[in-house]
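# Coordinates in review
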Amino acid sequence: MTSIDLNADLGEGFGRWRLTDDEQLLSVVTSANVACGFHAGDAVTMRRVCELAAERGVRIGAQVSYRDLAGFGRRAMDVPPAELAAEVAYQIGALEVFARAAGARVAYVKPHGALYNRVVHDEEQAAAVVDGVLLVDAALPVLGLPGSRLLELAGKAGLPVVTEAFADRAYTEAGTLVPRTQEGAVVTDPDAVVDRSVSLARSGEVASRSGTRIEVRARSLCLHGDTPGAVDLARRVRERLAACGVRVEAFA
């Protein structure tokens, strides 16, 4: 039977502000990309999400980012490699404290936003992220875009690599994500998101923005927690996958 992991970005609040419905999403997904305080999240939120994830058997992932709370980690930044490596390790370490306190561990690392897109092509920044992960754990899986420099360098460094796909993001014909600054970058039709999820899980293919079918082989499927109606959409995706014979299970 075909299987796939469902991950979502969680813990993306700060102080009294809340963005994602963490408790409800954690009843659907199998892996949680938890914000580590640089693009969103704070100590209380991180602890709460780790406790909820551990209770439900959801894997906890560190979603590392550029230090950019004001821009939600989606602004381009030039961070020296040594500084970026240290900040990646810092974020993972902070989340690990709360994961352990909840009786779990950080199971993988995933970059967020501008950093995620930057390390698809930028070797220097990708190497810095890898160095940061290695500072924490030389066996910690890295989740990222198929064909990215990040996964290539992580694999060469001996880190387990896990490929990821996005049902609610538009793809270029080259297999990269359409920048959010461009029209149509986010797929908003719930039916289309569900159909794309099934296609990615069963055939490893999805339609690019131009309509061309492209190959996107992925072990994990991302569902954005900040999408309007995210919980209902996530449930629909999981139910449809099960109906199509796809087993939903964590990769870590």
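This report concerns the structure included in the present document. None of the values given here were measured: they were computed from a predicted structure.

Quick notes on the rules
Residues numbered from 1 in each chain as written. Predicted model: local features only at pLDDT ≥ 70, side-chain atom pairs only at ≥ 80, totals over all residues. Heavy atoms only, no water. Salt bridge = Lys/Arg side-chain N within 4 Å of Asp/Glu carboxyl O. Helix = DSSP H or I, 4+ residues; strand = E, 2+ residues; numbered from the N terminus. Buried < 20%, exposed > 50% of the residue type's maximum accessible area, 1.4 Å probe, protein only. Axes fitted to C-alpha atoms, helices over the stretch in contact; angles between N-to-C directions. Parallel < 35°, antiparallel > 145°, perpendicular 65-115°, else oblique. Left-handed = near helix turned anticlockwise from the far one by under 90°. Contact = heavy atoms within 4.5 Å. Nonpolar A, V, L, I, M, F, W, Y, C, P; charged D, E, K, R; others polar. Phe/Tyr/Trp six-rings, centres within 6.5 Å; stacked < 30°, edge-to-face > 60°. Disulfide = S-S within 2.5 Å. Expected span 1.5 Å × (residues − 1).

This next bit is on the pattern of salt bridges. Under the counting rule described, the total for this entry stands at 22 salt bridges. In this structure, Glu-152 engages Lys-156 in a salt bridge whose closest nitrogen and oxygen atoms are separated by 3.2 Å. Taken together, the residues Glu-152 and Lys-156, both in helix α6 (residues 149-156) and four residues apart, mark about one turn of the helix. Classification of Glu-152 by relative accessible area gives partly exposed; the value is 31%. In this structure Lys-156 comes out as exposed when scored by relative accessible area, which is 64%. Note that Glu-215 is salt-bridged to Arg-217, the shortest N-O span being 3.4 Å. Sharing partners across several salt bridges, the network here consists of Glu-123, Arg-149, Glu-152 and Lys-156.

At a minimum axis distance of 8 Å, the contact between helix α2 (residues 43-56) and helix α3 (residues 81-101) shows a crossing angle of 45°. For the element pair α2 / α3, the angle class is oblique. Here α2 runs over α3; the crossing is right-handed. Residues Ala-43, Met-46, Arg-47 and Cys-50 of α2 pack against Ala-94, Leu-95, Phe-98 and Ala-99 of α3. The class makeup of the residues in the contact of α2 with α3 is seven nonpolar, no polar and one charged.

So, about the environment of Gly-144. One can find Gly-144 in strand β5 (residues 142-144). The exposure class assigned to Gly-144 is buried, which follows from its relative accessible area of 1%. Sequence separation between Gly-144 and Val-28 is 116 residues, and the spatial gap between their C-alpha atoms is 21 Å.

Moving on, we come to the packing of aromatic side chains. If you walk through the whole model with that rule in mind, you get three aromatic pairs. Here the aromatic rings of Phe-38 and Tyr-90 are separated by 6.0 Å at their centres, their planes lie at 45°, and the arrangement is tilted. Of this pair, Phe-38 sits in the loop between β2 (31-35) and α2 while Tyr-90 is found in helix α3, placing the two residues 52 residues apart along the sequence. When its relative accessible area of 4% is taken as the criterion, Phe-38 is described as buried.

Take the side chain of Gln-91 next. Looking at the secondary structure, you find Gln-91 in helix α3. In this structure Gln-91 touches Cys-36, Phe-38, Gln-63, Val-64 and Ser-65, once residues within four positions along its chain are discounted.

With that settled, consider the state of the cysteines. Evaluated as defined, the whole model comprises zero disulfides. Cysteine Cys-36 remains unbridged, with the sulfur of Cys-50 as its closest cysteine sulfur at 8.4 Å.

This part takes up the packing of helix α4 (residues 113-121) against helix α5 (residues 123-136). At their nearest, the axes of α4 and α5 sit 6 Å apart, and the two run at 115° to each other. Crossing angle aside, the handedness with which α4 passes α5 is left-handed. Residues Leu-115, Arg-118, Val-119 and His-121 of α4 lie in contact with α5, whose contacting residues are Glu-123, Gln-125, Ala-126 and Val-129. Considered class by class, the residues forming the contact of α4 with α5 number four nonpolar, two polar and two charged.

Let us look at α5. If you check α5, its first and last C-alpha atoms are 20 Å apart, about what 14 residues at 1.5 Å a residue would give, namely 20 Å. What α5 keeps buried is the set Gln-125, Ala-126, Ala-128, Val-129, Val-130, Gly-132 and Val-133. In the core, the buried residues of α5 are packed alongside α3, β4 (106-111), α4, β5 and α6.

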